[in-house]
Amino acid sequence: MMRTTAAVLYEMGLPTPYAESRPLHIEEVNLEGPGEGEALVEVAAAGLCHSDLSVINGTRPRVMPIVLGHEASGIVREVGPGVNRVTPGDHVVFSYVPMCGQCEFCLSGRPNLCIPGNQANVSGTLLNGACRFSTSDGRRLHHHLGVSAFSRLVVVVEESLVPIRKDMPLEKAALFGCCVLTGVGAVINTAGVRPGSKVAIFGMGGVGLNVLLGARLAGAAQVIAVDIVPGKLQLAKRLGATEVINSSLEDPVSAILDLTSGGVDYAFEAVGKAELLRQAYQVTRRGGTTVIIGLDKPDRYAEIPQVSLVTEERVIRGSYMGSSVPIRDIPRLIDLYLAGLLPVDAVISRHIELENLNAAFDDLASGEVARQVVRFL
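Residues numbered from 1 in each chain as written. Predicted model: local features only at pLDDT ≥ 70, side-chain atom pairs only at ≥ 80, totals over all residues. Heavy atoms only, no water.

1. So, the packing of helix 6 (residues 179-191) against helix 12 (residues 326-338)
The N-to-C vectors of helix 6 and helix 12 enclose an angle of 100 degrees; their axes lie 11 Å apart at closest approach. The orientation of helix 6 relative to helix 12 falls into the category roughly perpendicular. For the pair helix 6 and helix 12, the contacting residues are Val180, Leu181, Val184 and Asn189 in the first and Pro326, Arg328, Asp329, Ile330 and Leu333 in the second. When the residues that make up the contact of helix 6 with helix 12 are grouped by side-chain class, the tally is six nonpolar, one polar and two charged. (Axes fitted to C-alpha atoms, helices over the stretch in contact; angles between N-to-C directions. Helix = DSSP H or I, 4+ residues; strand = E, 2+ residues; numbered from the N terminus. Parallel < 35°, antiparallel > 145°, perpendicular 65-115°, else oblique. Contact = heavy atoms within 4.5 Å. Nonpolar A, V, L, I, M, F, W, Y, C, P; charged D, E, K, R; others polar.)

2. Some details on the nonpolar core
Core analysis: the largest hydrophobic core is formed by 62 residues, its most contacted members being Phe176, Val180, Val193, Leu209, Leu212, Phe268 and Leu342. At seven residues, helix 6 tops the list of elements feeding residues into this core. Residues in contact with Phe176, not counting those within four places in the same chain, are Val93, Met168, Leu181, Ile330, Leu333, Ile334, Tyr337, Leu342 and Val344. Core analysis: the next-biggest nonpolar cluster, separate from the first, contains 45 residues, Leu24, Phe94, Leu153 and Leu357 among them. (Core = buried A, V, L, I, M, F, W, Y, C linked by side-chain atoms within 4.5 Å. Buried < 20%, exposed > 50% of the residue type's maximum accessible area, 1.4 Å probe, protein only.)

3. Examining the pattern of salt bridges
As enumerated under the stated definition, the model contains 15 salt bridges in all. Arg165 is the partner of Asp167 in a salt bridge, and the nearest nitrogen-oxygen pair spans 2.7 Å. A relative accessible area of 47% means that Asp167 is categorised as partly exposed. Looking at Arg165, the relative accessible area reads 36%, which means it is partly exposed. Two residues, Asp296 and Arg300, come together in a salt bridge whose shortest N-O distance is 3.4 Å. Classification of Arg300 as partly exposed rests on a relative accessible area of 46%. Members of the salt-bridge network, linked through shared partners, are Glu32, Glu38 and Arg132. (Salt bridge = Lys/Arg side-chain N within 4 Å of Asp/Glu carboxyl O.)

4. Considerations on the sheet that holds strand 15 (residues 284-292)
Pairing is parallel in the open sheet, where six strands are placed in the order 13-12-11-14-15-16. Looking at the sheet topology across the chains shown, the edges are occupied by strand 13 (243-246) and strand 16 (315-318). Within the sheet, the average angular offset between the axes of one strand and its neighbour, ignoring direction, is 15 degrees. Here five bridges tie strand 11 (residues 198-202) to strand 12 (residues 222-227), and the two strands are oriented parallel to one another. Bridging across to strand 12, Lys198 finds its partner in Gln222. Against the sheet, helix 7 (residues 206-217) makes contact with strand 11, strand 12 and strand 14 (264-269), and its axis sits at roughly 170 degrees relative to strand 11, the strand it touches most. Along the sheet, helix 8 (residues 230-238) makes contact with strand 12 and strand 13, crossing strand 13 at roughly 170 degrees. (Pairing = 2+ DSSP bridges.)

5. Quick look at the packing of aromatic side chains
Here the structure, examined in full by the defined rule, presents three aromatic pairs. The interplanar angle of 80 degrees and the centroid separation of 6.0 Å between the aromatic rings of Tyr96 and Tyr320 together place this pair among those described as edge-to-face. Here Tyr96, found in the loop between strand 6 (91-94) and helix 3 (104-107), pairs with Tyr320, found in the loop between strand 16 and helix 12; they are 224 residues apart in sequence, far enough to count as distant. Here the aromatic rings of Phe176 and Tyr337 are separated by 6.0 Å at their centres, their planes lie at 75 degrees, and the arrangement is edge-to-face. (Phe/Tyr/Trp six-rings, centres within 6.5 Å; stacked < 30°, edge-to-face > 60°.)

6. Regarding the sheet that holds strand 4 (residues 66-67)
Read around the closed barrel, the five strands follow the order 1-2-7-8-4; overall the barrel is mixed. The pairing of strand 1 (residues 2-9) with strand 2 (residues 24-31) spans eight bridges and is antiparallel. When the bridges of strand 2 are listed, Ala6 appears paired with Glu27.

Just geometry here; none of it tells us what the structure is for.
Take a look at the structure:
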């Protein structure tokens with residue numbers, strides 16, 4: 001048994017501002033050493049994601065109490081019996097879906113939909129059913145998506161780890177575990193954006209900006225960015241958006257239809273709002289594809305005219321984890337970054353300390369920042 005500093009959420013749905021209600025408790029907790037098939041990892045950096053915020057505000061309920069965080073990088077310090085994927089000293093990026101390798105989805109090349117992995121995530125355990133965190137008085141603490149990256153030390157199953165090259169800066173590598181994998185993956189894997197195509201992206205947060213980077217990487221000729229925050233739209237323009245639309249000032253549907261002479265080939269919804277999904281569908285041309293990335297509340301529905309799906313041969317696709325195979329895709333994306341083809345550095349808004357997490361989630365909730373990163377090393 002060892003001790004680590006972690007951010008623990010005991011109750012969902014506390015009121016904002018979080019700087020005052022302080023839903024995340026930064027405290028010393030117990031951490032068991034790695035068991036069979038597990039590894040002890042020292043976290044180097046962890047990004048703040050809307051998936052974490054969705055647990056804090058109760059949009060995506062999880063079992064309580066829980067150590068939050070899922071987008072991260074680190075260094076393996078110790079491994080348990082039977083671990084083959086990593087060795088001590090390896091640099092790694094965490095995968096927020098632990099992939100069993102044996103279910104029908106893993107065997108068919110869609111491990112992001114792994115059944116046991118997703119069941120473990122809902123249960124707040126590691127893939128093997130274990131919980132390695134506990135409070136000072138022995139109360140069990142659950143794992144967030146098998147990672148719990150808002151802790152200086154974590155124990156995870158080896159299926160949650162992707163080894164990476166050591167010349168990759170770890171504070172940048174953290175983003176490849178979620179926002180880069182999800183955003184670029186949605187373009188390359190889910191949509192299969194073709195060179196010369198027209199693309200619209202609703203939402204310029206960390207994921208949406210990576211959709212933009214992915215669209216430029218795929219050779220899209222026209223990339224239209226939509227948001228309500230001027231600073232994010234300015235950043236989108238710097239990263240290659242051909243046009244930007246402030247949807248608080250003008251109707252994005254009319255504007256995009258005018259800019260594209262009838263619609264885009266691919267539209268991406270990267271916020272998680274039913275209204276934006278409807279707008280993304282409206283700007284998708286005949287024969288085009290609308291991709292949904294953002295997560296809304298489970299009871300939210302979006303109305304889509306059924307006839308257009310048939311007569312215009314439209315496609316609506318969900319994209320979870322960028323339809324990725326992390327063990328394959330994360331190293332490839334890092335190679336692209338190091339080759340200067342995927343400038344994800346610009347997505348980082350600021351670096352913060354673990355002790356400032358609550359206020360940082362206020363900033364994330366306000367929409368004023370893209371990615372904030374906690375640096376541990």
